[in-house]
Amino acid sequence: MIGIAILIGCLFGAILGMNAPMISYTYSSYLAIAVIAALDSVFGGITSVIRKNFDLKIFITGFFGNAILSILLTILGQKLNVDIYLAAIVVFVGRMFTNLAIIRRYYVDKWSERLKEKNKSQTEEIQK
């Protein structure tokens, strides 16, 4: 089911990307920081699902709150002529790497446990 949703999302994104107008250079920094903030929220959501403490309200508010705050920081930085958005990028990307490490570790441990169980069952069959 999830695979079908991913496939539909990829197809929709590809079709939209081919037919959508180009983002102007003026707004590209806003879009970039909003996408990074949204990805940070997605990785945080996946991590919370793994830890079994996912809350949809927290995810939705974090998703939009992070994106809006990062866009506001970008606007403020442009008004002050200071690249404040770089600080947000460093924080969000750092959290993304942390969450990705947690996700990776979870699936590596799960894969290792399956291999141990498989090897154990094969060993028991050979001994019989």
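Going by the structure above, here's the rest.
All values reported here derive from a predicted model rather than from experimental measurement. (Residues numbered from 1 in each chain as written. Predicted model: local features only at pLDDT ≥ 70, side-chain atom pairs only at ≥ 80, totals over all residues. Heavy atoms only, no water.)

Asker: Help me understand helix α3 (residues 56-80) in this model?
Answerer: Residues that lie three or four places apart on an α-helix share one face, since the helix turns once every 3.6 residues. Compared with the 36 Å implied by 1.5 Å per residue over 25 residues, the 36 Å span of α3 between its first and last C-alpha is a close match. Of the residues making up α3, those classed as buried are N66, A67, S70, T74 and G77. Turning to α3, the residues buried within the fold contact α2 (25-50) and α4 (85-127). Immediately downstream of α3, the backbone of N81 shows phi near 60 degrees, a positive value. (Helix = DSSP H or I, 4+ residues; strand = E, 2+ residues; numbered from the N terminus. Expected span 1.5 Å × (residues − 1). Buried < 20%, exposed > 50% of the residue type's maximum accessible area, 1.4 Å probe, protein only. Contact = heavy atoms within 4.5 Å.)

Asker: I keep staring at the packing of aromatic side chains and nothing clicks. Help me out?
Answerer: Aromatic rings considered in pairs are described by the distance between their centres and by the relative angle of their planes. Across all of its chains, the model carries five aromatic pairs by this definition. Both rings, one in Y27 and one in Y30, keep their centres 6.3 Å apart while their planes meet at 40 degrees; by these two values the pair is tilted. A residue pair is termed a helical-turn pair when its members lie 3 or 4 positions apart in one helix, as Y27 and Y30 do in helix α2 at three residues. With relative accessibility at 52%, the residue Y27 sits in the exposed group. Ring geometry for F59 against F63: centres 5.9 Å apart, planes inclined by 40 degrees, an arrangement best described as tilted. In this pair, F59 and F63 both sit in helix α3, four residues apart, roughly one turn of the helix. With relative accessibility at 23%, the residue F63 sits in the partly exposed group. Put simply, the rings of F54, F59, F63 and F64 touch in pairs and so form one group of aromatic residues. (Phe/Tyr/Trp six-rings, centres within 6.5 Å; stacked < 30°, edge-to-face > 60°.)

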